[in-house]
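# Fold and geometry: a report
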Amino acid sequence: MRLILTLILTFIFALPAMSGTKHQPLIIREKPTSNDGGVQRMPTPSVSIDLDTDAGTLVISCTGDWEGETFLYDSTHTLVDYEPSVNVTFDISSLSSGAYTVIVSTDNWEASGTVTLCL
């Protein structure tokens, strides 16, 4: 009985990992904004990637009200997709498997991260 209960609990906790979704934060780097090369401190946003291979989407989410651009590059540094905002959803259903880099850029900071697609 204990073995069966252990197997059931293991399956329940492993189920979300098999659903085809992945969440990861991006690394944020502040840009110099003053004439003396210093950095003016601003609230740091939280930027993350939500990869859903089942739906074929890559969602980039940012806390706060920021204006900026989001770029998606493949492993050869070729621009694959672009959106003129920081909260975007990219359709990845036509992309091939491999590593992709996401860059979110505003006037005050830049966030970057890499996601690996296994389609």
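Residues numbered from 1 in each chain as written. Predicted model: local features only at pLDDT ≥ 70, side-chain atom pairs only at ≥ 80, totals over all residues. Heavy atoms only, no water.

## Observations concerning unusual backbone geometry
Although it is not a glycine, H77 adopts a positive phi angle of roughly 65 degrees. Mapped onto the elements of the fold, H77 is located in the loop between β5 (68–73) and β6 (79–83). For H77, a relative accessible area of 67% corresponds to the exposed category. (Helix = DSSP H or I, 4+ residues; strand = E, 2+ residues; numbered from the N terminus. Buried < 20%, exposed > 50% of the residue type's maximum accessible area, 1.4 Å probe, protein only.)

## Quick look at the nonpolar core
Among the nonpolar cores identified, the biggest contains 21 residues, and V47, L58, I60, V102 and V104 are the most heavily contacted of them. Contributing elements (two or more residues each) for this core: β3 (47–52), β4 (57–62), β7 (88–91), β8 (98–106) and β9 (109–117). If you tally residues by element for this core, the top one is β9, at 4 residues. Other than its neighbours up to four places away in sequence, V47 contacts P25, L26, I28, I60, S61, C62, V104, W109 and A111. (Core = buried A, V, L, I, M, F, W, Y, C linked by side-chain atoms within 4.5 Å. Contact = heavy atoms within 4.5 Å.)

## Things to note about the packing of aromatic side chains
Throughout the structure, instances matching the rule amount to 3 aromatic pairs. Centroid distance F71 to Y73: 6.2 Å. Interplanar angle 20 degrees. Geometry classified as stacked. Relative accessible area serves as the criterion here: at 17%, F71 is assigned to the buried category. You can call Y73 partly exposed: its relative accessible area is 23%. (Phe/Tyr/Trp six-rings, centres within 6.5 Å; stacked < 30°, edge-to-face > 60°.)

## A closer look at the sheet that holds β6
With respect to topology, 5 strands assemble into an open sheet ordered β2-β9-β8-β5-β6, the strand pairing being antiparallel. Bordering the open sheet on either side are β2 (27–30) and β6, each of which pairs with just one other strand. Averaged over all neighbouring strand pairs, the angle between strand axes comes to 20 degrees, with direction disregarded. Summarising the sheet, β8 and β9 pair through 8 bridges and their orientation is antiparallel. Bridge assignment links V102 to a residue of β9, and that residue is G113. (Pairing = 2+ DSSP bridges. Axes fitted to C-alpha atoms, helices over the stretch in contact; angles between N-to-C directions.)

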